[in-house]
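Read off the chains here:
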Amino acid sequence: MTAMTAHVPSTLVTAPRITADEFLSGDHPIGSELVDGVVYEMDPAFDHQEVVSRLLTALREQTDHGRAGIGGNWVLADGHVYKPDVWWKAQRPRGVRHDGPPELAIEVRSPGTWALDVGPKLRQYEAAGTTELWLVDTASSTVLVFRRDDSGPGFADAVEFAAGEELTSPLLPGFALDVDALFADLG
């Protein structure tokens, strides 16, 4: 089965749905993801990449180097293979495929993919058991953090970190990132 590549995630795409195994054995553009069985081509902007670099550097400087990374093939469910912009996992994954989510997944806003990040990808990260998800909004210079707590099986209410605040995480003791520094000199 051949899958079409969707270039604009917010557009309804009629394409044959494929499985995670079909996606991983296919020839798709670098950075492509599989969301609900449809291949999406990711094309990040320069501000996006700058924020990704800052996040990865902060995580690597303040946590165990071997536990933070970018990209990868995270198979969250059949039909869902994500490449978070940045991730953290207690046990560093090996190889080209990891079944299950990272403990922390970070998605940074890109105009063509934000609808996926705040919609189906958020729901799938939650369903797959991701401990914490950061949605980094370069347009508003804020970070929406979704965390699990003892109140139920899914994410608790989102916490927003904005200018003048430090982004912290109970998942990463001692980690603190100045939100102003994260978004400094963009756009």
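Preceding block: the structure.
(A) How the structure looks around the nonpolar core. Ranked by internal contacts, the top residues of the largest apolar core, which has 24 residues, are Leu55, Ile106, Trp134, Val136 and Val143. Of all the elements in the fold, those that place two or more residues in this core are α2 (46-62), β7 (86-88), β9 (104-108), β10 (132-137), β11 (142-147) and α4 (179-183). In terms of residue count, the dominant contributor to this core is α2 (six residues). When residues no more than four places from it in sequence are discounted, the contact partners of valine 136 are Val51, Leu55, Ile106, Glu107, Val108, Arg109, Trp114, Thr142, Val143, Leu182 and Phe183. With 17 residues, the next largest nonpolar core counts Val35, Leu76, Trp114 and Leu116 among its residues.

(B) Main features of the environment of alanine 77. Assignment of secondary structure puts alanine 77 in strand β5 (residues 74-77). Separated by 105 residues in the primary sequence, alanine 77 and leucine 182 place their C-alpha atoms 31 Å from one another. Not counting chain neighbours up to four residues away, the residues in contact with alanine 77 comprise Ala20 and Gln124.

(C) Structural detail: the pairing of β11. Counting buried positions along β11 gives five out of six residues, so the element sits mostly inside the fold. Summarising the sheet, β10 and β11 pair through six bridges and their orientation is antiparallel. Paired with leucine 133 across the bridge in β11 is phenylalanine 146. The loop that links β10 with its antiparallel partner β11 comprises four residues; one of these, serine 141, has a positive phi angle of about 55°. Where β11 meets strand β12 (residues 159-161), three bridges bridge the pair, whose relative direction is antiparallel. The residue bridging leucine 144 from the neighbouring strand is glutamate 160, located in β12.

(D) Structural context of the pattern of salt bridges. Counted under the stated rule, the structure contains nine salt bridges. Glutamate 33 is the salt-bridge partner of lysine 121, the closest N and O atoms lying 2.7 Å from each other. Here lysine 121, found in helix α3 (residues 114-128), pairs with glutamate 33, found in strand β2 (residues 33-35); they are 88 residues apart in sequence, far enough to count as distant. Look at glutamate 33 and you get buried, because its relative accessible area is 1%. One salt bridge in this structure joins arginine 109 and aspartate 137, with 3.0 Å as the shortest N-O distance. Placement of arginine 109 in the loop between β9 and α3 and of aspartate 137 in strand β10 is noted, with a sequence separation of 28 residues between them. On the accessibility criterion, aspartate 137 (12% relative accessible area) is buried.

(E) Examining unusual backbone geometry more closely. You will see that aspartate 36, though not glycine, has its phi angle at about 55°, which is positive. By the element assignment, aspartate 36 lies in the loop between β2 and β3 (38-40). Phi is positive for serine 141, close to 55°, though the residue is something other than glycine. Here serine 141 is to be found in the loop between β10 and β11. Classification of serine 141 as partly exposed rests on a relative accessible area of 29%.

(F) Here's a closer look at the sheet that holds β12. Read across the open sheet, the six strands follow the order β4-β7-β9-β10-β11-β12; overall the sheet is mixed. Here the strands that pair on one side only, and so sit at the sheet edges, are β4 (68-69) and β12. Pairing of β9 with β10, which is carried by five bridges, proceeds in the parallel orientation. Following the sheet pairing, alanine 105 is matched in β10 by leucine 133. Here α2 sits on the sheet in contact with β4, β7, β9 and β10, set at roughly 155° to β9. In this fold α3 packs onto β9, β10 and β11, with an angle of close to 175° to the strand it touches most, β10.

(G) Geometry of α3. If you check α3, its first and last C-alpha atoms are 20 Å apart, about what 15 residues at 1.5 Å a residue would give, namely 21 Å. Maximum bend of α3: about 45°, positioned at lysine 121. All of the buried residues along α3 are Trp114, Leu116, Asp117, Gly119, Lys121, Leu122, Gln124 and Tyr125. Following α3 by one or two positions, glycine 129 adopts a phi angle in the positive range, close to 100°.

Reading the values: the criteria
- Residues numbered from 1 in each chain as written.
- Predicted model: local features only at pLDDT ≥ 70, side-chain atom pairs only at ≥ 80, totals over all residues.
- Heavy atoms only, no water.
- Core = buried A, V, L, I, M, F, W, Y, C linked by side-chain atoms within 4.5 Å.
- Buried < 20%, exposed > 50% of the residue type's maximum accessible area, 1.4 Å probe, protein only.
- Helix = DSSP H or I, 4+ residues; strand = E, 2+ residues; numbered from the N terminus.
- Contact = heavy atoms within 4.5 Å.
- Pairing = 2+ DSSP bridges.
- Salt bridge = Lys/Arg side-chain N within 4 Å of Asp/Glu carboxyl O.
- Axes fitted to C-alpha atoms, helices over the stretch in contact; angles between N-to-C directions.
- Expected span 1.5 Å × (residues − 1).
- Bend = angle between axes of the 7 residues up to and from the residue.

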